[in-house]
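Breakdown of the fold
The lines below spell out each chain.
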Amino acid sequence: MFCVTIISMEEMYTFKWDISMSVGEDSIDKQHQQLLAEVNTLLDAILNRHSEDKVENTIHFLDGYIDKHFSYEEQYMSEIGYPDREAHIAMHREFTKKYNNFKSELKATGVTSELAMEVQSYMGQWWMSHIKKEDKKYHLYIIAREE
Ligand SMILES: [Fe+2]
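Each residue is numbered by its place in its chain's sequence as written, counting from 1. In keeping with the model being predicted, local features are shown solely for residues with a pLDDT of at least 70 and side-chain atom pairs are shown and tallied solely at 80 or more, while totals for entire chains, interfaces and linings include all residues.

1. A closer look at the nonpolar core
Here is the rule: The nonpolar core is taken to be a set of buried Ala, Val, Leu, Ile, Met, Phe, Trp, Tyr and Cys residues joined by way of C-beta atoms within 7 Å. Whether a residue is buried, exposed or partly exposed follows from its count of other C-beta atoms within 10 Å of its own C-beta, namely 20 or more, 12 or fewer, or something in between, respectively; the C-beta atoms are built from the backbone. By the criteria applied, helices consist of DSSP H or I runs no shorter than four residues and strands consist of E runs no shorter than two, each listed in order from the N terminus.
Membership of the largest hydrophobic core is limited to 12 residues, which are L35, L36, V39, L42, L43, A45, I46, V55, V119, M123, W127 and I131. Contributions of two or more residues to this core are made by helix 2 (26–47) and helix 5 (113–146). Element by element, the count of residues in this core is highest for helix 2, at seven residues.

Structural data, given as structure tokens:
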């Protein structure tokens, strides 16, 4: 007998923040939630073939928001004296490079299903794993310091 599990598109592609991802700083937690929400919006706009305007508006918002978030977080790491700040910043720069490549590709090819896959892996999954693993490290650093 076959057992078929039907997973909705939404479940497959939606990136969700939960409390286990908290880094112990309210503004950064809120920024992370907003970033994931915007990635979901972008993915939804691409997958459901919303207007190019919707895709462009979301990207325009992300452009500014990602920069603002990275600057805020980098400043925060400096304030708390996080020793691995430089390595962390390098990861942010690496992401920005990929993000810019993605934008060039979008400009060149328009909205394609390959691009949706990129948003899913390079953006959604990158943010999820970056928040859970890398951002979590400065949270753990503070906890250890306070003990
Ligand atoms: Fe980060």
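2. Here we look at the packing of helix 3 (residues 52–79) against helix 4 (residues 85–109)
Quick note on the threshold: Note on geometry: axes are lines fitted to C-alpha atoms, helical ones only across the stretch in contact, with angles between N-to-C directions running from 0 to 180 degrees. To sort the angles, those under 35 degrees are grouped as roughly parallel, those over 145 as roughly antiparallel, those from 65 to 115 as roughly perpendicular, and the leftovers as oblique. A residue pair is marked as a contact if its C-beta atoms, positioned from the backbone, fall within 7 Å. By the convention adopted, Pro, Cys, Tyr, Trp, Phe, Met, Ile, Leu, Val and Ala count as nonpolar, Lys, Arg, Asp and Glu as charged, and the other residues, Gly among them, as polar.
Contact geometry of helix 3 with helix 4 gives a least axis separation of 10 Å together with a crossing angle of 175 degrees. By the angle between their axes, helix 3 is roughly antiparallel relative to helix 4. In contact with I59, I66, F70, E74, M77 and S78 of helix 3, helix 4 contributes R85, H88, I89, H92, Y99 and K103. Residue composition of the contact of helix 3 with helix 4, grouped by class: six nonpolar, three polar and three charged.

3. Description of the packing of helix 4 against helix 5
Quick reminder of the rule: Crossing handedness follows the turn of the near helix against the far one: under a right angle anticlockwise gives a left-handed crossing, and clockwise gives a right-handed one.
For the pair helix 4 and helix 5, the least separation of the axes is 11 Å and the interaxial angle reads 165 degrees. With respect to helix 5, the element helix 4 is oriented roughly antiparallel. In this structure, helix 4 meets helix 5 at a crossing whose hand is left-handed. Contacts between helix 4 and helix 5 involve H88, M91, F95, K98, F102, E105, L106 and T109 from the former and L115, E118, Y122, W126, H130 and E134 from the latter. Among the residues forming the contact of helix 4 with helix 5, the class breakdown is seven nonpolar, three polar and four charged.

4. Quick look at helix 4
In an α-helix, one full turn covers 3.6 residues, which means residues spaced three or four apart are oriented alike. Test applied: Expected span, for any helix, means 1.5 Å times one less than how many residues it has.
Helix length check: helix 4 (25 residues) gives 36 Å between terminal C-alpha atoms against 36 Å at 1.5 Å per residue, within 8%. Where helix 4 ends, the next residue or the one after it, G110, has phi of about 80 degrees, a positive value.

5. Some details on the environment of D18
Along the chain, D18 turns up in the loop between helix 1 (9–13) and helix 2. Under the C-beta neighbour-count criterion, D18 is labelled exposed, with 8 such atoms within 10 Å. Each C-alpha atom, one on D18 and one on D29, is 9.7 Å from the other, the two residues being 11 residues apart in sequence.

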